[in-house]
Amino acid sequence: MTHTLGRPDFELIAGWIEPGHRVLDLGCGDGSLLRHLIDVRGVQGVGVEIDDANVLAAIKNGINVIQGNLERGLDEFADQAFDHVVLSRTLQTVRHTEGILREMLRIGREAVVSFPNFAYHKNLRAVLDGRMPVSEDLPYQWYDSPNVRFFTLLDFEDLCTKMGLIIRERHVLDEDGNIVAGEDHREVSFLGSLAVYRLTQSR
Amino acid sequence: MPGQSVGVVEAQRAHFDQPLNLRSGGVLPVYDLVYETYGTLNAAKSNAILVCHALSGHHHVAGHYADDPDNIGWWDNIIGPGRPLDTDKFFIVGLNNLGGCHGSTGPSSPNPATGKLWGADFPMVAVIDWVHAQARLADLLGIDTWAAVMGGSLGGMQALRWSVTYPERVRNAIVIAAAPKLSAQNIAFNDVARQAILTDPDFHGGHYYEHNTRPSRGLRLARMLGHITYLSDDQMGEKFGRDLRNEEFSYGFGVEFEVESYLRYQGDKFAGYFDANTYLLMTKALDYFDPSREDNGDLTATMARSKANFLIASFTTDWRFTPARSKEMVAALLANGRNVSYAEIDLNFGHDSFLMDDAHYHAVVEAYLRNIKL
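Quantities reported herein were computed from a predicted structural model and do not represent experimental measurements. Each chain has its residues counted from 1, following the order in which its sequence is written. Labels follow written order: the first chain is A, the first ligand is 1, and so on. A pLDDT threshold of at least 70 governs which residues receive local features in this predicted model, and a stricter bar of 80 or more applies before side-chain atom pairs are shown or counted, although totals over entire chains, interfaces and linings include all residues. Values reported for side chains reflect all heavy atoms of the structure, with hydrogen atoms and water molecules removed beforehand.

1. Quick notes on the state of the cysteines
- Only a pair of cysteine sulfur atoms within 2.5 Å qualifies as a disulfide here. Within the structure shown, the criterion is met by zero disulfides over all chains.
- This cysteine, Cys52 of chain B, is not joined by any disulfide, and Cys101 of chain B carries the nearest cysteine sulfur, 17 Å off.

2. A short note on the interface of chain B and chain A
- Only heavy atoms enter the contact rule, under which two residues are in contact if any of them lie within 4.5 Å. If you look at the interface, chain B gives 18 residues, while chain A gives 16 residues.
- Here chain B meets chain A over a buried area of about 1,400 Å², counting both sides, of which 59% is carbon and sulfur.
- What counts as buried area is the accessible surface, traced by a 1.4 Å probe, that two parts surrender upon association, with contributions from both included. Of all residues in chain B, Leu334, Tyr342 and His360 of chain B bury the most surface against chain A, accounting for 31% of the area lost on that side.
- A 3.5 Å cut-off defines polar contacts: any pair of N or O atoms within that distance qualifies, except that in protein one atom must be a possible hydrogen donor and the other a possible acceptor, and neighbouring residues in sequence count only when both atoms are side-chain atoms. Run the count over chain B and chain A and you get 10 residue pairs in polar contact (both at pLDDT 80 or more).
- Helix and strand definitions here come from DSSP, where helices need a minimum of 4 consecutive H or I residues and strands a minimum of 2 consecutive E residues; each element is numbered from the N-terminal end. Secondary-structure elements contributing two or more residues to the side of chain B that touches chain A are helix H9 (323–335), strand E12 (340–345) and helix H10 (359–370) of chain B.
- Each residue belonging to the side of chain B that touches chain A can be placed in one class, and the counts come to 11 nonpolar, five polar and two charged. All amino acids are sorted into three groups, where Ala, Val, Leu, Ile, Met, Phe, Trp, Tyr, Cys and Pro are nonpolar, Asp, Glu, Lys and Arg are charged, and the leftover types, Gly among them, are polar.

3. Considerations on unusual backbone geometry
- Phi at Gln80 of chain A takes a positive value of approximately 55°, unusual for a residue other than glycine.
- For Gln80 of chain A, the location among the structural elements is in the loop between strand E3 (64–67) and strand E4 (82–88).
- Not every positive phi belongs to a glycine, and Lys45 of chain B is a case in point at roughly 55°.
- Checked against the element boundaries, Lys45 of chain B lands in the loop between strand E4 (31–38) and strand E5 (48–52).

4. Let's talk about the packing of aromatic side chains
- Ring pairs shown here join Phe, Tyr and Trp side chains whose ring centres sit within 6.5 Å, with only the six-membered ring taken for Trp; geometry is labelled stacked below 30 degrees between planes, edge-to-face above 60, and tilted in between. Tallied over the entire structure, the rule returns 25 aromatic pairs over all chains.
- Look at Trp142 of chain A and Tyr143 of chain A: their rings are 5.6 Å apart centre to centre, the planes differ by 85°, and that puts the pair in the edge-to-face class. The exposure classification of Trp142 of chain A matches that of Tyr143 of chain A, with both residues exposed.
- Ring centres of Phe249 of chain B and Tyr251 of chain B lie 5.9 Å apart, and the angle between their planes is 85°; on these two criteria the pair is classed as edge-to-face.
- One aromatic cluster is present, built from ring pairs that chain together Phe115, Phe151, Phe156 and Tyr197 of chain A. Think of it in three bands: with a 1.4 Å probe and only protein chains considered, a residue is buried below 20% of the maximum accessible area for its type, exposed above 50%, and partly exposed in between.

5. A word on helix H2 (residues 154–165) of chain B
- The span you would expect from a helix comes to 1.5 Å times its residue count less one. In this model H2 of chain B runs 16 Å from its N-terminal to its C-terminal C-alpha over 12 residues, within 8% of the 16 Å that 1.5 Å per residue would give.
- Leu154, Gly155, Gly156, Met157, Gln158, Ala159, Leu160, Arg161, Trp162, Ser163 and Val164 of chain B are the residues of H2 of chain B that are buried.

6. Some words on the confidence of the model for chain A
- Scored from 0 to 100, pLDDT reflects the predictor's confidence in each residue. Counting all residues, the mean pLDDT for chain A is 92, and 97% of those residues have values of 70 or more.
- Here residues 1–5 of chain A is modelled with pLDDT under 50, and outside its nearest four sequence neighbours on either side it reaches 25 contacts, counting other chains as well.

7. Observations regarding the pattern of salt bridges
- What counts as a salt bridge is simple: a side-chain nitrogen of Lys or Arg found within 4 Å of a carboxyl oxygen of Asp or Glu. Under the definition given, this model contains 29 salt bridges over all chains.
- When the shortest N-O distance is used, the salt bridge between Arg198 of chain A and Glu110 of chain A registers 2.7 Å. Taken as a pair, Arg198 of chain A in strand E7 (residues 194–201) and Glu110 of chain A in strand E5 (residues 108–116) lie far apart in primary sequence, 88 residues in all.
- What makes Arg198 of chain A buried here is its relative accessible area of 19%.
- Exposure remark for Glu110 of chain A: the relative accessible area of 5% places this residue in the buried category.
- Its salt-bridge partner being Lys307 of chain B, residue Glu168 of chain B comes within 2.5 Å of it at the nearest N-O pair. Within this pair, whereas Glu168 of chain B is found in the loop between H2 and strand E10 (172–176), its partner Lys307 of chain B is found in the loop between helix H8 (299–303) and strand E11 (309–315), the two being separated by 139 residues in sequence.
- For Glu168 of chain B, a relative accessible area of 54% corresponds to the exposed category.
- Here the salt bridges share partners, and the residues they tie into one network are Arg161, Glu294, Asp295 and Arg305 of chain B.

The structure is reproduced here in structure tokens:
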């Protein structure tokens, strides 16, 4: 997926990352997130990207980018080689959801995952109106979407529990990038268009 | 292709009379290296790129000769003003490696000890020996540190070797269609090629020059075999299929299928200009290449000695050095926290893809080089 500059989740993710940390961005697009993290946090960054044009764009951006398919494993990365492994707006495009989450926490101390929340009220509204949702965070038509997994943030949290993953932090954003706060999970899910999580392995 | 050729070029010759101790235990007391340069070395001497050649390559990398305009360098499509190796920015050096047959000291050069041609007595040269010789050429040219050392196939292996043998002298290594060491299958193909030469009755134990002959049949077979491994199955299928030169089978052993015609032509052409002893030496240098041997096979430990940034590229249809082989190098560099980018380029020309003029491939190399600070 292609990152666009100035995305609100960039700032959130940057806030979780210490200067000098080693960061792996899976599905790094043109390398904008890593460029941002290098510029504002001085991280050591590596991206993985499948698309030729994005690989070229990332190299132009001066990013370390490894061309590869997330679905085929990440064997070239050693255990615990990174402080953070980021999967930004890409989890819904990956078929082997559990596999990729386990790989992220094999390679990294911490996983940072963001994804569009299918239970966002505008998405629900679209479905009630008889249409698949198209929004800022789900910018595709049904016939050209790279998305293969459709889930909500509550579904994701159930999976984390099943897998024994610890949610260290969660931020939910609306379509304008404003933080959605609240105690009621269903309400947050209803109001949130994009969810961003920090995960670690249980010990 | 965008950009321009470098135009008319001239080969130069450098003589070295400081003996070179070789990995095999042999010594070259004196030797010559022929080389070409394109572009201008800047005042800071920070813009030099060394282009290393593969098995059958040489110093004529780009441009053409004034008296031989059809003799175009083997990697002309990537070098020149406005091309990825932009001669308006970089100073490019290409040379013929020791043991070669294009002007640098090799088996077909005179042995100063005997006055006769070296022939089979030419010592076995390894990739590390080439790198040491290239370092002396760099000294001669006043180049302390290469902006980049690059090459495809065996040329890429030299770039890898440079980065661990002279880590302070290589800022970037561009390793294309290469491997950190040969597989059993790679060595097997090389050995069949060598056997074709060694068992040719005209080989005379490598001293065929004295018999005024050359093992052309063996060299031709070696090249035909090698050539098959440079191409992809799909490409051969598209290019030749089962096409016949004549419409009907002739039920004989002459040239019938187009692919036979092509291979025989390639074999004959190669046997006409290349030296069999050089072919033997180059294939052995490939077989022996394994920098990780110094670290008990631990490539990660080997790459810890490198300080360069890396661009590694492979081609999807290259079955000689597959993308997986390039990823071994990527993994070893990542494990050391080195800067590395890796592109897996979808091109249909097998191992030979690295020589092709492909827009995406060249854009990747150009983008990487553009970010090098001089």
